[in-house]
Number of protein chains: 2
Amino acid sequence: MHIIIQITIILLASVLATLISKRIGIPAVVGQLLVGIIIGPAMLGLVHQNQVLHVLSEIGVILLMFLAGLEANFDLLKKYLKPSLLVAITGVIVPMALFYFLTRLFGFQINTAIFYGLVFAATSISITVEVLQEYNRVKTDTGAIILGAAVADDVLAVLLLSVFIATNGSSSNIGLQIIIQLLFFVFLFICMKYLVPALFKLIEKVHFFEKYTILAILICFSLSILADKVGMSSIIGSFFAGLAIGQTSFVDKVEHKISLLSYTFFIPIFFASIALPLKFDGMMSHLHTILIFTALAVLSKLIPGYFVGRGFNFSKLESLTIGGGMVSRGEMALIIVQVGLAAKIISSTTYSELVIVVILSTIIAPFILKYSFKD
Amino acid sequence: MHIIIQITIILLASVLATLISKRIGIPAVVGQLLVGIIIGPAMLGLVHQNQVLHVLSEIGVILLMFLAGLEANFDLLKKYLKPSLLVAITGVIVPMALFYFLTRLFGFQINTAIFYGLVFAATSISITVEVLQEYNRVKTDTGAIILGAAVADDVLAVLLLSVFIATNGSSSNIGLQIIIQLLFFVFLFICMKYLVPALFKLIEKVHFFEKYTILAILICFSLSILADKVGMSSIIGSFFAGLAIGQTSFVDKVEHKISLLSYTFFIPIFFASIALPLKFDGMMSHLHTILIFTALAVLSKLIPGYFVGRGFNFSKLESLTIGGGMVSRGEMALIIVQVGLAAKIISSTTYSELVIVVILSTIIAPFILKYSFKD
């Protein structure tokens, strides 16, 4: 019962945060992120990180990316493949280089410096997706570029992290892993083209309560698990699951129902969980580091995205949307930071510092996006 | 990710079990219960009990009872209050007396004998509710009697368990607790009459995705938590939450959505979890005890219910429905058995024995109900 109380508190606080956010005109997701800070250990201490919330928030981000896939426009994604890849690659190189040189300048070891770069190289698409959905921008040109770039970015970040971990101790075979990951994408293609449509056709004659929704969830979870098994982020799997189902005529039968399931339960828990690791103890003395890092974290994604957008003849505001869409770090960076803490690459003080920077960038991103939508 | 794999296995297995059950003509819930045995430690060992599954299945049973409340006919419940109470009281006295004398005859201590009686006194309404829903019988006369009786039964069982635990060591104040529980029912009445309708009216003008569904969930969880806090079963809280919302005009806006949320995720996990504790190791030598206990468990609920039904001029088949509706033990008995194991009132062998008997009675019950529906 104890954890059901925590879940109830999260859901209630999320509803209130969303209502207040709308009233004062800030993106709802910012309110929902702040919930984690307010009810978490940093302030009220009503809710603490635990395994159940962790699993529920994992399901939340999987479903969020699944919805992004369901709502994405596949033709636009293909059309904007080139700018997407360019946004992704520059959005990885610039922060990696910047944080590497900055931390080297501060006297950190090469290892740690690369790690800092990695933390800020990975975009977290989830918050951006939420903002795009809130303002109905998922199916636009800029939405397609951001989605494509964020997925490519996740793939890049995961590959870099794999290489980094492999060269830092654990001796897994990188070559083999990359081949397996390529095979995974071949399998995703087969899923999209043949398997998923075939499965939906197969159950058409079966009588079963909400059969299409359950099949959609099973496909989503299965591909997420598979993505995780080949060493990628699980949300890559769920995004492509959504994309595959989005291509079929069954998308109308499941989209609203998956939204219902996700937004009434799992996604609020995910958003609240992002800020749960936050503690402010003794962080005031690190304020200047935190502010510099946050500024760099924001700019190192915003500027490359903006210029790629301008290069492909998007308007200033549209380019700002593209750049702003890449700023948020969220769960991806938090996972990398946790890997670093576990591997003793960073201290627990640095950990708190980085978590605050990640969350600040995640809170700033929606404001940039909202500003860019003012056309 | 590990637990998401287990959840995916449960959901997939539940779908297959339901399809197979329908094909061979057995109640779907029996198939879903067998899932726990097949994929659990007793056979394939793919899924094991853990805290996450425990919380999800707890949410599952809360939502199941919430749905029962939503779909229940309040007027019928009031109309059949007398037969309901009589079914509940005889359905507690007969098994308690029977198991007490039987186990005393086998040479058990008074304490243990009372405990055996308690285990089989508590009806588990969840399985019955599921069967009633599957065959569209929730809103019938017999459905109302079963629902009323099962809720009264749960209240009785919880009170008896409280007394039993209090007189067996822990020195909580029984008198105070009963007063608090009575106050809880007063509060439930206020909720139904004023609070719940007022809350729904309050949010009518708010713009929020699926606001009615979220409010319904929050009310359901809050009353479940409160019921638990006053020492009752949480499902009492969710049942009355459902009943309260079922009285408002908003029931049509939430019922299907709560069903969707529940049946695509939480309820299958709950059903599969019931049989997860089962292990067959060395149970063959206890076969005769298990069979005798199972027969008694079934008959000691079936017969009182049947005769009360006949006494109130119900047909033979209808009376069989009423009796059969009380047979299933499920999670309530499992909780009591666990309390007994923790308090060292029973051994771990007896624990396994009782768990098997509880699950057998839970699997037999839907067959009796299905047979009684053949008119």
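The shown structure was predicted, so the numbers you read here are calculated from the model rather than taken from an experiment. (Residues numbered from 1 in each chain as written. Chains lettered and ligands numbered in written order. Predicted model: local features only at pLDDT ≥ 70, side-chain atom pairs only at ≥ 80, totals over all residues. Heavy atoms only, no water.)

K.L.:
Honestly, the overall build of chain A in this entry has me stumped. Any pointers?
P.N.:
Looking only at helices and strands, chain A has 16 helices and zero strands in total. In terms of C-alpha radius of gyration, chain A reaches 20 Å, essentially the compact-globule figure of 21 Å for 375 residues. With 375 residues in all, chain A has 60% of them scored as buried. In chain A, the share of contacts with a sequence separation of at least 24, taken over all contacts with a separation of at least 6, comes to 80%. When the accessible surface of chain A is totalled, it reaches about 14800 Å², and 67% of it is carbon and sulfur. For chain A, the separation between the mean place of its 23 positive charges and that of its 18 negative charges on side chains is 3 Å. (Helix = DSSP H or I, 4+ residues; strand = E, 2+ residues; numbered from the N terminus. Rg over C-alpha atoms; globule rule 2.2 N^0.38 Å. Buried < 20%, exposed > 50% of the residue type's maximum accessible area, 1.4 Å probe, protein only. Contact = heavy atoms within 4.5 Å. Areas by Shrake-Rupley, 256 points an atom, 1.4 Å probe, with all protein chains shown as cover. Lys, Arg positive; Asp, Glu negative; His and termini not counted. Charge placed at Lys NZ, Arg CZ, Asp CG, Glu CD.)

K.L.:
Any chance you could explain the environment of Ala-198 of chain B here in plain terms?
P.N.:
With respect to the secondary-structure elements, Ala-198 of chain B resides in helix H9 (residues 174-202). In the structure, Ala-198 of chain B is positioned 70 residues away from Pro-268 of chain B in sequence and 33 Å away in space, judged by C-alpha atoms.

K.L.:
For this particular structure, what's the right way to read the side chain of Thr-362 of chain B?
P.N.:
Residue and element names in this part refer to chain B. Secondary-structure assignment places Thr-362 in helix H16 (residues 348-372). Residue Thr-362 is classed as buried on the basis of its relative accessible area, which comes to 1%. Sequence-distant contacts of Thr-362, defined by excluding residues within four places in its chain, comprise Leu-33, Ile-127, Ser-328, Arg-329 and Gly-330.

K.L.:
Looking at this model, I keep getting lost on the interface of chain B and chain A. Mind explaining?
P.N.:
For an interface, size is often stated in terms of accessible area lost upon the parts coming together. On the side of chain A, 44 residues touch chain B, which itself brings 44 residues to the contact. Interface area, chain B with chain A, both sides summed: about 4000 Å², of which 85% is carbon and sulfur. Summed over the shared surface of chain B and chain A, the result is zero salt bridges. Seen at the junction of chain B and chain A, the total is two residue pairs in polar contact (both at pLDDT 80 or more). At the level of elements, helix H1 (2-24), helix H3 (51-71), helix H10 (211-229) and helix H12 (251-274) of chain B are the ones that each hand at least two residues to the side of chain B that touches chain A. No other element matches the eleven residues that H1 of chain B contributes to the side of chain B that touches chain A. Its residues assigned to classes, the side of chain B that touches chain A shows 27 nonpolar, eleven polar and six charged. (Buried area = accessible area lost by both parts, 1.4 Å probe. Salt bridge = Lys/Arg side-chain N within 4 Å of Asp/Glu carboxyl O. Polar contact = N/O pair within 3.5 Å; in protein donor to acceptor, adjacent residues only side chain to side chain. Nonpolar A, V, L, I, M, F, W, Y, C, P; charged D, E, K, R; others polar.)

K.L.:
Please clarify how the nonpolar core should be interpreted in this entry.
P.N.:
In summary, soluble globular proteins display a tendency toward joint burial of nonpolar side chains. Formed by 281 residues in total, the largest nonpolar core has its most connected members in Ile-7, Phe-221 and Phe-265 of chain A together with Ile-7, Phe-221 and Phe-265 of chain B. What Phe-221 of chain A contacts, discounting residues up to four positions off in sequence, is Ile-59, Ile-62 and Leu-63 of chain A together with Ile-4, Ile-7, Thr-8, Leu-11 and Phe-265 of chain B. Counting seven residues, the second largest nonpolar core, distinct from the first, contains Val-298, Tyr-306, Leu-320 and Ala-365 of chain B. (Core = buried A, V, L, I, M, F, W, Y, C linked by side-chain atoms within 4.5 Å.)

K.L.:
Hey, could you run me through H1 of chain B in this one?
P.N.:
Because an α-helix packs 3.6 residues into every turn, residues spaced three or four apart end up facing the same way. An ideal rise of 1.5 Å per residue puts 33 Å on 23 residues; H1 of chain B measures up with 33 Å between its terminal C-alpha atoms. With its phi angle positive at about 80°, Gly-25 of chain B sits one or two positions after the end of H1 of chain B. (Expected span 1.5 Å × (residues − 1).)

K.L.:
Please explain the relation of the copies chain B and chain A as it appears in this structure.
P.N.:
Note on the chain copies: they are related by a rotation about an axis and a translation along it. At an RMSD of 0.0 Å, chain B and chain A line up after a rotation of 180° and a shift of 0.0 Å along the axis. Each copy turns onto its partner about a two-fold axis. Looking at chain B, 100% of its interface residues are interface residues in chain A too, so the copies touch through the same face. (Least-squares fit on C-alpha atoms with pLDDT ≥ 70 in both.)

K.L.:
Even after reading the chapter, I still don't get the packing of aromatic side chains, so can you show me in this structure?
P.N.:
Between two aromatic rings, the relevant description is the distance of the centres plus the angle of the planes. All names here are of chain A. Evaluated as defined, the whole model comprises 39 aromatic pairs over all chains. Relative to Phe-185, the ring of Phe-184 has its centre 5.8 Å away and its plane inclined at 65°; by these criteria the two rings are edge-to-face. A ring pair is formed by Phe-265 and Phe-266, whose centres lie 4.9 Å apart and whose planes are at 75°; its orientation type is edge-to-face. Classification of Phe-265 as buried rests on a relative accessible area of 1%. The exposure class of Phe-266 is buried, given its relative accessible area of 0%. Taken together, the aromatic side chains of Phe-99, Phe-108, Tyr-116, Phe-120 and Phe-293 make up a single cluster linked through ring pairs. (Phe/Tyr/Trp six-rings, centres within 6.5 Å; stacked < 30°, edge-to-face > 60°.)

K.L.:
Help me understand the confidence of the model for chain A, please; the structure alone is not making it clear to me.
P.N.:
When pLDDT is low, close inspection of the predicted coordinates is not appropriate. Residues and elements named next belong to chain A. With 98% of its residues at a pLDDT of at least 70, chain A reaches an overall mean of 88. Looking across chain A, the model is least confident in helix H15 (residues 330-342), with a mean pLDDT of 77, and most confident in helix H10 (residues 211-229), with 95. Interface scoring of the predicted complex returns ipTM 0.88; its pTM is 0.88. (pLDDT = per-residue confidence, 0-100.)

K.L.:
Help me understand a nonpolar patch on the surface in this model?
P.N.:
Taken together, the side chains of Ile-179, Leu-183, Val-186, Phe-187, Phe-189, Ile-190, Tyr-194, Leu-195, Leu-199, Leu-202 and Leu-226 of chain A present a nonpolar region at the surface, about 1000 Å² in accessible area. Here Phe-189 of chain A lies in helix H9 (residues 174-202). (Patch = residues over 30% accessible without salt bridge, like charges linked within 9 Å, V, L, I, M, F, W, Y side chains within 5 Å.)

K.L.:
Please explain the packing of helix H2 (residues 28-39) of chain B against H12 of chain B as it appears in this structure.
P.N.:
The description of two helices packed together rests on the angle between their axes and the distance between the axes. Residue and element names in this part refer to chain B. Two elements in contact, H2 and H12, have axes separated by 6 Å at closest approach and are oriented at 60°. Viewed along their axes, H2 and H12 adopt a mutual orientation that is oblique. Between H2 and H12 lies a crossing of right-handed hand. Counting all contacts with H2, which are made through Val-29, Gln-32, Leu-33, Val-35 and Gly-36, the residues of H12 involved are Phe-271, Ala-272 and Ile-274. A per-class count over the contact of H2 with H12 returns six nonpolar, two polar and no charged. (Axes fitted to C-alpha atoms, helices over the stretch in contact; angles between N-to-C directions. Parallel < 35°, antiparallel > 145°, perpendicular 65-115°, else oblique. Left-handed = near helix turned anticlockwise from the far one by under 90°.)

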